[in-house]
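Observations on the model geometry
Each chain, written out:
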Amino acid sequence: MRQDHIISAKQLSREDIEEVLDRAGEIAADPSSFQGRHEGSLLGLLFFEPSTRTKMSFSAAMKRLGGDIVDMGTVESSSVKKGESLADTVRVVEGYADALVLRHPSEGSAKMASEFVAVPLINAGDGAGQHPTQTLLDLYTIRENAGFEDLTIGIMGDLKYGRTVHSLAHALTVFDARQHFISPESLQLPRSVRYDLHEAGADVREHTELDEVLPELDVLYVTRIQEERFPDESEYHEVAGEYQIDASTLSAANDDLTVMHPLPRVDEIDHDVDGTSAAKYFDQAHNGVPVRMALLDMVLGGDR
Amino acid sequence: MSSDQELRVSKIQSGTVIDHISAGQALNVLAIIGIDGTGGEEVSVAMNMPSDRLGKKDIVKVEGRELSQNEMDVLSLIAPAATINIVRNYEVVGKHPVERPAVVTGVLECPNRHCITTKNEPVDSEFEVLDDGVRCAYCDTIIREEIAAHRKSDTFRHSGAARLFGQVLLKPFCPWVVRRGYGLRLDR
Ligand SMILES: [Zn+2]
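Residues numbered from 1 in each chain as written. Chains lettered and ligands numbered in written order. Predicted model: local features only at pLDDT ≥ 70, side-chain atom pairs only at ≥ 80, totals over all residues. Heavy atoms only, no water.

**Focus: the coordination of the zinc ion**
Residue and element names in this part refer to chain B. Inclusion rule: Sodium, potassium and calcium take a 3.2 Å donor cutoff, other metals 2.8 Å, and in both cases only N, O and S atoms count; water is not among them, so sites may look incomplete. Tetrahedral means four donors with every angle between 85 and 135 degrees, whereas square planar (four donors) and octahedral (six donors) require angles over 155 degrees between opposite donors and between 65 and 115 for all others; sites fitting neither are termed irregular. Burial classes follow relative accessibility: with a 1.4 Å probe on protein chains only, a residue under 20% of its type's maximum area counts as buried, one over 50% as exposed, and anything between as partly exposed.
Those donors, Cys110 (SG), Cys115 (SG), Cys136 (SG) and Cys139 (SG), are the protein atoms that reach the zinc ion, and they lie 2.3 Å from it. What the four donor atoms of the zinc ion show is an angle range of 99 to 118 degrees at the metal, which sorts the shape as tetrahedral. All donors of the zinc ion belong to a single chain; written as a sequence motif, their spacing is C-x4-C-x20-C-x2-C. When its relative accessible area of 1% is taken as the criterion, Cys136 is described as buried.

**Re the pairing of strand 4 (residues 83–88) of chain B**
Residues and elements named next belong to chain B. What counts here: In this text, helices come from DSSP runs of H or I with a minimum length of four residues, and strands from runs of E with a minimum of two, each type numbered from the N-terminal end. Two strands qualify as a pair provided DSSP detects at least 2 bridges between them.
The element strand 4 is largely enclosed, with a buried count of five among its six residues. Pairing of strand 4 with strand 5 (residues 91–97) involves six bridges; the strand directions are antiparallel. Bridging from a neighbouring strand, Arg88 pairs with Glu91 of strand 5. Once strand 4 ends, the chain turns through two residues before running back antiparallel as strand 5, passing Asn89 with a positive phi of about 55 degrees.

**Focus: a nonpolar patch on the surface**
All names here are of chain B. Put simply, the rule reads: Residues forming no salt bridge and having over 30% relative accessible area are the ones grouped into patches, like charges within 9 Å of each other and nonpolar side chains (Val, Leu, Ile, Met, Phe, Trp, Tyr) within 5 Å. All accessibility values rest on the Shrake-Rupley procedure with a 1.4 Å probe; residue burial counts only the protein chains present in the view. For salt bridges, the criterion is a side-chain nitrogen of Lys or Arg within 4 Å of an Asp or Glu carboxyl oxygen.
On the surface, a nonpolar cluster with roughly 270 Å² of combined accessible area is contributed by Leu27, Val43, Val45 and Met47. Examining the composition of the nonpolar patch, we find that three residues originate from one element, strand 2 (residues 43–51), more than from any other. By the element assignment, Val45 lies in strand 2.

**So, the sheet that holds strand 2 of chain B**
Residue and element names in this part refer to chain B. The test is simple: Where helices are involved, their axes are fitted lines through C-alpha atoms of the stretch in contact, as for all axes, and angles between N-to-C directions lie from 0 to 180°.
Read from one edge of the open sheet, five strands run 2-3-1-4-5, paired in antiparallel fashion. Taken across any chain shown, the strands that pair with only one partner, and hence form the sheet edges, are strand 2 and strand 5. Ignoring strand direction, the axes of neighbouring strands in this sheet form an average angle of 20 degrees.

**Overview of the domain arrangement of chain A**
Residues and elements named next belong to chain A. Cut-off, in case you're wondering: What marks off one domain from the next here is an automatic or database domain assignment. In what follows, residue pairs with any heavy atoms lying within 4.5 Å of each other are defined as contacts. Throughout, buried area stands for the accessible area (probe radius 1.4 Å) lost by two parts on being put together, summed over both. Here a polar contact is recorded for every N or O atom pair within 3.5 Å, except that within protein the pair must consist of a potential hydrogen donor and a potential acceptor, and residues adjacent in sequence are included only if both atoms are side-chain atoms.
Taken domain by domain, chain A consists of domain 1 (9–130 + 288–299) and domain 2 (132–285). If you average the C-alpha positions of domain 1 and of domain 2, the two centres end up 26 Å apart. In this complex, domain 1 contributes 27 residues to the contact, which on the side of domain 2 involves 20 residues. In total, domain 1 and domain 2 occlude about 2,100 Å² of area from one another, counting both sides; carbon and sulfur atoms represent 61% of this. Between Lys10 and Asp196 there is a salt bridge, with the nearest N and O atoms lying 2.9 Å from each other. Between domain 1 and domain 2 we count seven residue pairs in polar contact (both at pLDDT 80 or more) in total.

**A closer look at the pattern of salt bridges**
Scanning all chains against the criterion turns up 21 salt bridges over all chains. Across the salt bridge formed by Asp274(A) and Arg265(A), the nearest N and O atoms sit 2.7 Å from each other.

Structural data, given as structure tokens:
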């Protein structure tokens, strides 16, 4: 893979994705063989909004490769508070590190920032935009559990605002997956995502009820419906309740169904699902480390 | 052009004549090139004129103003058959049709207020041209309707004094003046 910056999952071809997932697989199988591989390398972390877990996952990945991190810290304690532009911030800090990880509330921020720096920049989430490392770890989890061959996936919850969903749906088109989108009508996929899926010739269907498709699914990807998306609390509770699952919901599903969730969850997956063989969301979260290790290894020039 | 039409749309000394504008689009063309009358330019607009090629067409003539390539690019989106005539000293010195580009840079502003191109950053807006609209290269937002309403507001007026006059002096007396800064919102 020859990618200087990792901005969007859309930039990655099927070959690129498989290369990352293969390397993540090698790492997961034998973590010690990658230890110390990037000793002396520094990863700069620029988190303009709090996301402790994504940050921890990148830190863990870099340290397991033998490298270290330099962290901008919180926005409150940085020059950004004094009104510095993002373009200036990244041009300064690229001098401190061999690669940068950026999380920023504005959509398109990672693409713009990458235009100002020479070191590789990885997008760790730009507002409601892209979050490619989440997509890659989702794909890794799907491949480990269900495989891409003849894959049927259901993606449920907030499809309008959920960026992990948009990015994943797009990436799945390169694997010719059958995709079912299950959501309340008010939270269906936005126009730009429909456009992309249509352009990619994706096999996509939309539903308002999970029952209609559950038996066909190999993977059910659940996302959170946030209360602030609804005008009032009672409407939220009424609607959100329809998109929650528990162990009894799953009795209608395939025996080898894989249930995923980007976490944190609130009550969209009942705790009684946790003990079932379908529950893979904690594995999914753990997969963030080998996948990010693979990606860092590649952008830092680990191809030998 | 017949003499009757010439009476209605006089010749200009130096500037731009935009001909073969799809009928009804003249005001959107003006919005795209950032002219709302407050900049002081002499502007003539002819609408629904007979045209061999288009049946009916609009014409816009602007004295003392030549268009940038970026403006012509955006123009092609709403007036795909338009011809741009550059006039110097009453002579047409350049005449070219607009071409629909793959990308339009600057001129338009992304309507997504969370988009990095709308923040205080050293970056131009950039839109990929689709079959039926444009799409922000940074945040993927698609504009399909009212492209002319998305003219960047910071380049909308040419004169700082005019802006000062409009915003500070007129505002207390004519509340509707404030709306001009956001461009013409005209349905096609
Ligand atoms: Zn945008």
